[in-house]
Amino acid sequence: MTVMEQRGAYRPTPPPAWQPRTDPAPLLPDAEPYRVLGTQAAAKADPDLLRRLYAELVKGRRYNAQATALTKQGRLAVYPSSTGQEACEVAAALVLQEQDWLFPSYRDTLAVVARGVDPVEALTLLRGDWHTGYDPYEHRVAPLSTPLATQLPHAVGLAHAARLKGDDVVALAMVGDGGTSEGDFHEALNFAAVWQAPVVFLVQNNGFAISVPLAKQTAAPSLAHKAVGYGMPGRLVDGNDAAAVHEVLADAVRRARAGGGPTLVEAITYRVDAHTNADDATRYRGDSEVETWRAHDPIALLERELTGRGLLDEAGVESARQHAETMAAGLRARMNQDAELDPMDLFTHVYAEPTPQLLEQREQLRAELAAEAESEGARP
Amino acid sequence: MTAVAVKPATMAQALTRALRDAMTDDPSVHVMGEDVGTLGGVFRITDGLAKEFGEDRCTDTPLAEAGILGTAVGMAMYGLRPVVEMQFDAFAYPAFEQLVSHVAKMRNRTRGRMPLPLTIRIPYGGGIGGVEHHSDASEAYYMATPGLHVVTPATVADAYGLLRASIASDDPVVFLEPKRLYWSKDTWNPEQPTAVEPIGRAVVRRSGRSATLITYGPSLPVCMEAAEAAQAEGWDLEVVDLRSLVPFDDETVCASVRRTGRAVVVHESGGFGGPGGEIAARVTERCFHHLEAPVLRVAGFDLPYPPPMLERHHLPGVDRILDAVGRLQWEAES
């Protein structure tokens, strides 16, 4: 039986014989976001996983701080920070196997780095020396997508293609709360469910689409509820609880890998920083709201759990901090070197073979650069 | 050597044959779109493919063009070679963002690491009595997007050869099918299809000495008819079929204009901001001293595509082309 034939037949039947195709009840998200830390479920969590998550969160927070600092120093053109959202970023990368694919949006460079991409290459887009700095096939990470939600159908198509070829590949696609209003979000979820593609959609509901709060974005009971309309399960999770996000995503990945189809996961989190360094968040939200969320900080939550259970001591905290500092120092040193630019690169990758028109334009630029170099050389 | 029986075939048959041969030769070729499976497409171009290759290779998708093209991008990322059918010109617009922001740019964004070998087939243009949103000449939108190839056949043989080349290309190709030529016939041997045509080469369809008609796709038969009619007026017109709008074949076009000294560009697309302006500028920049008259354009009017009972007034016809030829400053010759 082919992949497409597995969908089964559905033909309309006149009432009263008509029946819904599936029972919607099992697709509905839980009433409360799923939590692990500080609950009884924490006892079942793997201590090694929790310690690994902790180390990655600390490193991720430091990465966000370093990238923000580099922006202030003019080394990055812009940086959309994921400070406060590190649990989602890190868990998304950690639940995937080597052959799986990650489809990030522009705010997800931390997930890209956690997946193994060199941070300098992950930040190329934001430094501005090229668009995508890394080879997508090296770590199976799609280019950072700036047009919102447009990367979601790519994830569906890639996962579908892998399934057609009989390969064991799951795609995890990341999007924000604002992105769920885009048509491509809808189309991607619909295609994924119809094709039963092995995809996991992770919505980080961080409260804002730049300045617009969720209430102006949707009237849905929750973003996870949107899954039901497509015939896939929706899961709601505390996005600042790294253990919970990891568990929910790992379940969804496992389900996709086993042929169970796609899942929509909504992680409730908060964008602690402004949209980017160019944004002024005081124009649309108050400090008290930010402070409420700081009290629910992903690192603090995990640290409390680990120290409370004797899985982490002061030396462990210090060791994680040191590792993060080493990473930041390396990143800082490398980003403080000027990027190497070759203007001729502009024409190299437009087509496999440049068109005659591009060849002419390339020669024009070459001549301009030669004249520029000559006049600079002639200066005293 | 036995003579090959050459029977008339339609452009639609040649396109179907091209898809079938491409799918046979390369298992990574996948056809997808609305109604392309069981029905064989509303124009029947994919007729029989789902039956022959299975639904995994010729897939009826949900009715959502951005989703169709967006998932095709993902499939191409994974090494497949999708051939997407957009049902009509104006129904392709929901896919525009995927086309412009991803399909056209992915090779460039990734420094050549992630090329997207996919073909987007779009039936385009008028002349079939379609109601609104079924007859747009939409080529100018695609021409204005760097990273895309834009190809359009005007003959049965080219329909086969250019579609094979488009599917084989490692770059994305917008393949515009002139829907009023779907049923045009030509002597073409489906048992020995013509060789794959290179993308980016125009061809002289009719040699002449007086002036050059530069055209493509649905307007080629009109120009050929105009060239025949012009003989009665004493004009011996050359007709150049561009076949590929991107890349543009300056060499063939300019060689023709340098021979004849006069040129008229003919297309259905509106004149303002249309392909003719670009072509006229290119010819003028390169052939100024060979020109006896300004390059003229015979284009669709600058209005939304008309209702079917009025479309004949909109589309470039023989008389309008001959009028333009008549305005190419022949006085200097007498």
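An unreviewed UniProt entry lists chain B under the name 3-methyl-2-oxobutanoate dehydrogenase (2-methylpropanoyl-transferring), with Streptomyces pseudogriseolus as the source organism. Looking at the Cofactor (unreviewed entry) heading of the UniProt record, one finds this comment for chain B: "thiamine diphosphate".

Going by what an unreviewed UniProt entry lists, chain A is known as Pyruvate dehydrogenase (Acetyl-transferring) E1 component subunit alpha and is assigned to Streptomyces sp. R17.

Here's the deal with the overall build of chain A
Scanning chain A for helices and strands turns up 14 helices and seven strands. A total of 380 residues make up chain A; the buried ones form 47% of that total. In chain A, once contacts between residues fewer than 6 apart in sequence are set aside, the share between residues at least 24 apart is 76%.

Regarding the UniProt feature "domain: Dehydrogenase E1 component" (unreviewed entry) in chain A
In this numbering, the UniProt entry assigns the feature "domain: Dehydrogenase E1 component" (unreviewed entry) to residues 64-324 of chain A. A distance of 11 Å separates the end C-alpha atoms of residues 64-324 of chain A, which is 44% helix and 12% strand.

A closer look at the sheet that holds strand 2 (residues 29-33) of chain B
Residues and elements named next belong to chain B. Taking strand neighbours across the sheet as the criterion, the seven strands line up as 3-2-4-5-7-6-12 in an open arrangement whose pairing is mixed. The sheet terminates laterally at strand 3 (58-60) and strand 12 (244-246), the two strands that pair on one side only. Sheet twist, expressed as the mean angle between neighbouring strand axes with direction ignored, is 20°. Bridge analysis of strand 4 (residues 81-85) against strand 5 (residues 119-124) gives three bridges, and the strand direction is parallel. Its bridge partner lying in strand 5, valine 84 is registered against isoleucine 120. Sheet contacts for helix 3 (residues 65-77): strand 2, strand 4 and strand 5; angle to strand 4, the most-contacted strand, approximately 170°.

As for the packing of helix 1 (residues 47-72) of chain A against helix 13 (residues 314-335) of chain A
Residues and elements named next belong to chain A. For the pair helix 1 and helix 13, the least separation of the axes is 9 Å and the interaxial angle reads 30°. Our classification of the angle between helix 1 and helix 13 gives roughly parallel. With respect to the hand of their crossing, helix 1 and helix 13 are arranged in right-handed fashion. Across the interface between the two elements, Tyr54, Ala55, Val58, Lys59, Arg62, Tyr63, Gln66 and Leu70 from helix 1 touch Ala320, Arg321, His323, Ala324, Glu325, Met327, Ala328, Leu331, Arg332 and Met335 from helix 13. Counted by class, the contact of helix 1 with helix 13 contains 11 nonpolar, two polar and five charged residues.

Basis of the calculations
- Sequence order sets the numbering: in each chain, residues are counted from 1 along the sequence as written.
- To read the labels, note that chains go from A and ligands from 1, taken in the order they are written.
- For a predicted model such as this one, the threshold for reporting local features is a pLDDT of at least 70, and the threshold for listing and counting side-chain atom pairs is 80 or more; totals across whole chains, interfaces and linings nevertheless cover every residue.
- UniProt positions are given in the numbering used here, feature names are shortened, and annotations may be inferred rather than shown by experiment.
- Where helices and strands are cited, they refer to DSSP runs of H or I of at least four residues and of E of at least two residues respectively, numbered from the N terminus.
- Any residue whose C-beta has 12 or fewer other C-beta atoms within 10 Å is treated as exposed, any with 20 or more as buried, and any in between as partly exposed, C-beta atoms being built from the backbone.
- We call two residues in contact whenever the C-beta atoms placed from their backbones are within 7 Å.
- Strands qualify as paired when DSSP identifies two bridges or more between them.
- Inter-axis angles, ranging from 0 to 180 degrees, are taken between N-to-C directions of lines fitted to C-alpha atoms, where helices are fitted over the stretch in contact.
- Relative orientations are named as follows: roughly parallel for angles under 35 degrees, roughly antiparallel for angles over 145 degrees, roughly perpendicular for angles from 65 to 115 degrees, and oblique for any other angle.
- Less than a right angle of anticlockwise turn of the near helix away from the far helix marks a crossing as left-handed, whereas a clockwise turn marks it as right-handed.
- As a working rule, the residues Ala, Val, Leu, Ile, Met, Phe, Trp, Tyr, Cys and Pro are called nonpolar, Asp, Glu, Lys and Arg charged, and the rest polar, with Gly in that last group.

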